[in-house]
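Fold and contact review
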Amino acid sequence: MNVLIKGGRVVDPSQGIDAIMDVLIADGVVLELGTGLAAPEGTETIDAAGLVVTPGLIDMHVHLRDPGLEYKEDIATGSRAAAAGGFTSLACMPNTKPVIDNKAVTSYILNKARNEALVNIFPVGAITQGSKGDTLAEMGEMKEAGCVAVSDDGKPVCNTELMRRALEYAKGVGIAVICHSEDLSLVGEGVMNEGYVSTELGLKGIPWAAEDIAVARDVYLAEFTGSPVHIAHISTEGSARIIRNAKARGVQVTCETAPHYFTLTDEAVRGYNTNAKMNPPLRGEADKAAMKAALADGTIDAIATDHAPHHLDEKDVEFNLAMNGIVGLETSLPLSLKLVEEGVLDLQQLVAAMSCNPAKILGIDRGTLKPGAVGDVTVIDPNKQWTVLAEKLETKSKNSPFIGWQMKGAAAYTIVKGQVVHKGI
């Protein structure tokens with residue numbers, strides 16, 4: 001549990017650090033940062049020359065499918081994929097079977113994580129019972145059991161009055177609310193972004209307005225109630241504009257996007273590629289550019305994968321019938337590092353979006369290398385070249401549109417509570 005990371009470029013936005021330093025972790029916590037640090041006896045020494053050392057990466061939006069859907073993913077395989085991708089902490093969404101909407105299911109996940117997970121697992125409970133959108137779930141009970149946020153992710157809370165009460169209730173118990181913002185009446189039978197490509201392919205489209213209208217509602221409810229809200233997986237130029245304007249008014253709103261929304265467009269659907277089918281759908285070039293701009297100016301607070309594993313049989317079907325979602329834990333880091341290479345973000349901004357900000361939004365004691373903090377560290381090799389191969393992915397499911405892509409950048413070491421759980425070198 002003692003590790004000395006020597007001579008790496010330490011990037012820690014929580015302390016404003018960007019310098020060549022050593023990091024000493026002892027008994028699972030960060031003991032000291034400095035230069036020329038000596039390693040106590042029995043300490044594992046990592047030569048980080050040429051590498052980037054950051055607070056452990058946090059993915060605040062993943063689907064681990066456990067309990068009930070373990071044929072797609074489970075806590076053990078999901079945590080292995082996370083460690084391989086450089087993530088030390090995951091917030092897992094509640095659309096399991098049964099739904100995470102009570103103390104019993106929350107306790108099951110945390111107990112299983114203690115025994116099987118390589119990384120920290122933070123459950124997200126449901127906003128409504130069974131995520132059915134009818135009755136509020138017991139948020140206080142779930143928070144006491146260990147949930148760090150609530151969300152009906154995968155489904156919007158369509159009843160605006162109920163969503164208002166959810167925000168007020170959550171504020172009272174002090175738990176974060178993550179909104180899946182989508183107007184289902186506009187989505188209809190749509191299966192991809194509405195536009196030129198959907199018309200050409202003969203597929204029913206989902207208009208950008210389905211997201212923007214729902215985002216506006218949730219932002220206005222946050223403003224009305226004085227309750228903080230986090231908007232999941234934004235994908236449109238309009239959503240970014242609405243959130244940017246709300247922040248300027250002082251509304252307590254944060255948001256995330258996923259690497260696929262600043263990397264791909266709906267052109268990826270050509271050939272009826274079901275690995276490019278997700279919700280919200282891949283949008284157009286203007287939206288992709290808007291995601292980058294919103295990351296650059298701080299409108300988007302976090303990069304999250306929305307890791308959504310599905311069995312081959314659920315993707316190897318007609319496009320209309322295929323399940324939404326892609327795996328992303330093992331490709332998020334290199335795709336996000338490309339933003340630095342392109343000059344969209346600097347390393348401080350990237351680490352803030354992938355570690356510090358998610359920790360703040362979820363209210364967890366992570367996302368920093370301050371002495372005394374939990375010894376979660378990601379050591380990144382920004383120059384490692386590798387190819388995404390389905391058979392090499394740690395995740396149980398292989399539904400990625402990035403199979404065969406050449407990547408640059410990877411986790412060299414993933415360290416959780418002072419324990420090296422992944423070595424990529």
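An account of the accompanying structure is given in this report. Each chain has its residues counted from 1, running along the sequence as written. Per-residue local features are limited, in this predicted model, to residues with pLDDT of at least 70; the limit for side-chain atom pairs, both in listing and counting, is 80 or more; totals at the level of whole chains, interfaces and linings are taken over all residues. Side-chain figures throughout are based on the complete set of non-hydrogen atoms in the structure, without hydrogens or water.

This next bit is on the sheet that holds strand β13 (residues 229-231). What the 8 strands build is an open sheet, ordered β6-β7-β8-β9-β10-β13-β14-β15; its pairing is parallel. At either margin of the open sheet sits one strand with a lone partner, and together these are β6 (57-62) and β15 (302-303). Note: two strands are recorded as paired if DSSP finds a minimum of 2 bridges between them. Elements are defined by DSSP. Helices are runs of H or I of four residues or more, strands are runs of E of two residues or more, and each kind is numbered from the N terminus. In terms of strand pairing, strand β7 (residues 87-92) meets strand β8 (residues 120-125) through 4 bridges, oriented parallel. Following the sheet pairing, Ser89 is matched in β8 by Asn120. Taken strand by strand, helix α13 (residues 347-362) contacts β6, β7, β9 (149-150), β10 (176-179), β13, β14 (253-257) and β15, and its axis lies near 65° from that of β6. Note on contacts: a residue pair is in contact if any heavy atoms of the two residues lie within 4.5 Å. Axis geometry follows a simple rule: fit a line to the C-alpha atoms, using only the stretch in contact for helices, then measure angles between N-to-C directions, giving values from 0 to 180 degrees.

This paragraph deals with the nonpolar core. Note on terminology: a nonpolar core comprises buried Ala, Val, Leu, Ile, Met, Phe, Trp, Tyr and Cys residues joined through side-chain atoms within 4.5 Å. Between buried and exposed lies partly exposed: a residue is buried under 20% and exposed over 50% of the maximum accessible area for its type, with that area taken using a 1.4 Å probe on protein chains only. Among the nonpolar cores identified, the biggest contains 91 residues, and Leu90, Ile121, Ile127 and Ile231 are the most heavily contacted of them. In contact with Ile121, other than residues within four places in its own chain, are Leu64, Leu90, Cys92, Ile109, Leu110 and Ala113. Judged by nonpolar contacts, the second largest core, of 20 residues, contains Val23, Val53, Val379 and Tyr413.

Here the focus is the side chain of Ser89. By the secondary structure assignment, Ser89 is in strand β7. When residues no more than four places from it in sequence are discounted, the contact partners of Ser89 are Leu57, Ile58, Asp59, Val119, Asn120, Phe122, Arg366 and Asp376.

Take the packing of helix α1 (residues 75-84) against helix α2 (residues 103-116) next. Direction vectors running N to C along α1 and α2 enclose 60°, while the axes themselves pass 10 Å from each other. Of the possible angle classes, the one that applies to α1 and α2 is oblique. The chirality of how α1 crosses α2 is right-handed. Across from Ile75, Ala76 and Ser79 in α1, the residues of α2 making contact are Ile109, Lys112, Ala113 and Glu116. All residues other than Ala, Val, Leu, Ile, Met, Phe, Trp, Tyr, Cys, Pro, Asp, Glu, Lys and Arg, Gly among them, are scored as polar; the first ten of these are nonpolar and the last four charged. A breakdown of the residues in the contact of α1 with α2 according to their chemical character gives 4 nonpolar, 1 polar and 2 charged. When an angle is under 35 degrees it counts as roughly parallel; over 145 it counts as roughly antiparallel; between 65 and 115 it counts as roughly perpendicular; any other value is oblique. Each helix crossing is assigned a hand: it is left-handed if the near helix lies turned anticlockwise from the far helix by less than a right angle, otherwise right-handed if that turn is clockwise.

Before going further, it helps to examine unusual backbone geometry. Cis geometry is found at the peptide bond from Asp66 to Pro67, where omega equals 15°. Within the fold, Pro67 resides in the loop between β6 and α1. Each neighbour pair has its own omega, and for Lys97 with Pro98 the value is 5°, a cis peptide bond. With respect to the secondary-structure elements, Pro98 resides in the loop between β7 and α2. Here the phi dihedral of Ser131 falls at roughly 50°; this positive angle occurs in a residue that is not glycine. With a relative accessible area of 8%, Ser131 lands in the buried category. With a phi angle near 55°, Tyr272 is a residue other than glycine that sits in the positive phi range. Within the secondary structure, Tyr272 sits in the loop between α9 (259-263) and α10 (285-296).

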